[in-house]
Amino acid sequence: MPATPPTPPAPTVAASAGKVLHSRAYNGLIQACDKYVPPKMRPLWMHPAGPKTIFFWAPIVKWSLVIAGLSDLTRPADKISPNGCLALGATNLIWTRYSLVIIPKNYSLFAVNLFVSLTQLFQLGRYYNYQWEQSKLEKNGEQCPAIEASL
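Residues numbered from 1 in each chain as written. Predicted model: local features only at pLDDT ≥ 70, side-chain atom pairs only at ≥ 80, totals over all residues. Heavy atoms only, no water.

Here is the rule we go by: UniProt positions are given in the numbering used here, feature names are shortened, and annotations may be inferred rather than shown by experiment.
As annotated in an unreviewed UniProt entry, the protein carries the name Mitochondrial pyruvate carrier and comes from Drosophila sechellia. According to the UniProt record, the Subcellular location (unreviewed entry) comment for the protein is "Mitochondrion inner membrane". One UniProt comment on the protein, placed under Sequence similarities (unreviewed entry), says "Belongs to the mitochondrial pyruvate carrier (MPC) (TC 2.A.105) family."

Description of the nonpolar core
So the rule is basically this: Put simply, buried Ala, Val, Leu, Ile, Met, Phe, Trp, Tyr and Cys residues joined by side-chain atoms within 4.5 Å make one nonpolar core. Residue exposure (1.4 Å probe, protein chains only): buried if accessible area is under 20% of the type maximum, exposed if over 50%, otherwise partly exposed. For the purposes of this entry, the term helix denotes a DSSP run of H or I that reaches at least four residues, the term strand denotes a run of E that reaches at least two, and both are numbered from the N terminus. Whether two residues are in contact is decided by their heavy atoms: any pair within 4.5 Å suffices.
Grouped together as the largest cluster of nonpolar side chains are six residues: A77, I80, C85, L124, Y127 and Y130. Sort the elements by how many residues they give to this core and helix α5 (residues 107–139) lands first, with three residues. Among all residues touching L124, those that are not within four sequence positions of it are P82, C85 and L86.

Here's the deal with the packing of aromatic side chains
Quick reminder of the rule: Think of it this way: a Phe, Tyr or Trp ring, Trp meaning its six-membered ring, pairs with another when their centres are within 6.5 Å, and the plane angle makes it stacked under 30 degrees, edge-to-face over 60, tilted otherwise.
For the structure shown, the criterion picks out four aromatic pairs. Here the aromatic rings of W95 and Y98 are separated by 5.0 Å at their centres, their planes lie at 90°, and the arrangement is edge-to-face. Of this pair, W95 and Y98 both sit in helix α4 (residues 82–101), three residues apart, roughly one helical turn. By relative accessible area, which is 43% here, W95 ends up partly exposed. Judged by its relative accessible area of 40%, Y98 falls in the partly exposed class. Seen from their ring centres, Y127 and Y128 are 5.2 Å apart, and the 80° between their planes marks the pair as edge-to-face.

Topic: the packing of α4 against α5
Applicable threshold: Structural elements are reduced to axes, namely lines fitted to C-alpha atoms, with helices fitted over the stretch in contact, and the angle between N-to-C directions of any two is expressed from 0 to 180 degrees. The scheme is simple: roughly parallel for angles under 35 degrees, roughly antiparallel for over 145, roughly perpendicular for 65 to 115, oblique for anything else. By convention the crossing between two helices is left-handed if the near helix lies anticlockwise of the far one by an angle smaller than a right angle, and right-handed if it lies clockwise. Any residue that is not Ala, Val, Leu, Ile, Met, Phe, Trp, Tyr, Cys, Pro, Asp, Glu, Lys or Arg is counted as polar, Gly included; the first ten are nonpolar and the last four charged.
The contact between α4 and α5 brings their axes to 8 Å, and the two run at 155°. Considering the angle they form, α4 stands roughly antiparallel to α5. Crossing handedness for the pair α4 and α5: left-handed. Here the residues of the contact of α4 with α5 are counted per class, giving 16 nonpolar, eight polar and no charged.

A word on the side chain of N92
Within the secondary structure, N92 sits in helix α4. In this structure N92 comes out as buried when scored by relative accessible area, which is 2%. With residues up to four places along the chain from it excluded, the contact list for N92 reads K62, N113, V116 and S117.

Things to note about the pattern of salt bridges
Filter applied, for reference: Note on definitions: salt bridges are taken to be side-chain nitrogens of Lys or Arg within 4 Å of carboxyl oxygens of Asp or Glu.
According to the stated counting rule, one finds three salt bridges in the structure shown. Measuring nitrogen to oxygen at the nearest pair gives 3.3 Å for the salt bridge that ties D34 to K52. Separated by 18 residues along the polypeptide, D34 in helix α1 (residues 21–34) and K52 in the loop between α2 (42–46) and α3 (54–71) bring together distant segments of the chain. For K52, a relative accessible area of 26% puts it in the partly exposed group. The salt bridge involving D72 is made with R75; its shortest N-O contact spans 3.6 Å.

Here is the structure:
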């Protein structure tokens, strides 16, 4: 009978905890903040997708894409990249679905991906509406309105 190798002991901390300087600094910061979290906020703090994890911070940072998409609403429609809008809108729709399938369900990731998709698909609609209007003007033989160069 071959001898089976002994099973290693179960790790007491996360596999990545303390391996590099930024992990030690982050873990130290979280431990320092632990004692100041009020009891009513403790369930959110300890949640598997709470502020102690990347599941919380990644969607927070991703809101910058929503802000960028909203600021692009002032951009002239002829300057919009349809391929970029379609790619960003479609991939975020996929990630919207994914955020509800993973465990733990990540509703903040769901919300940010949904808003990124909506802003990009709205931009795509603006682009195609502009193209349609321009084709109507060309069919009627009208002069296309001059578009001011935006710097």
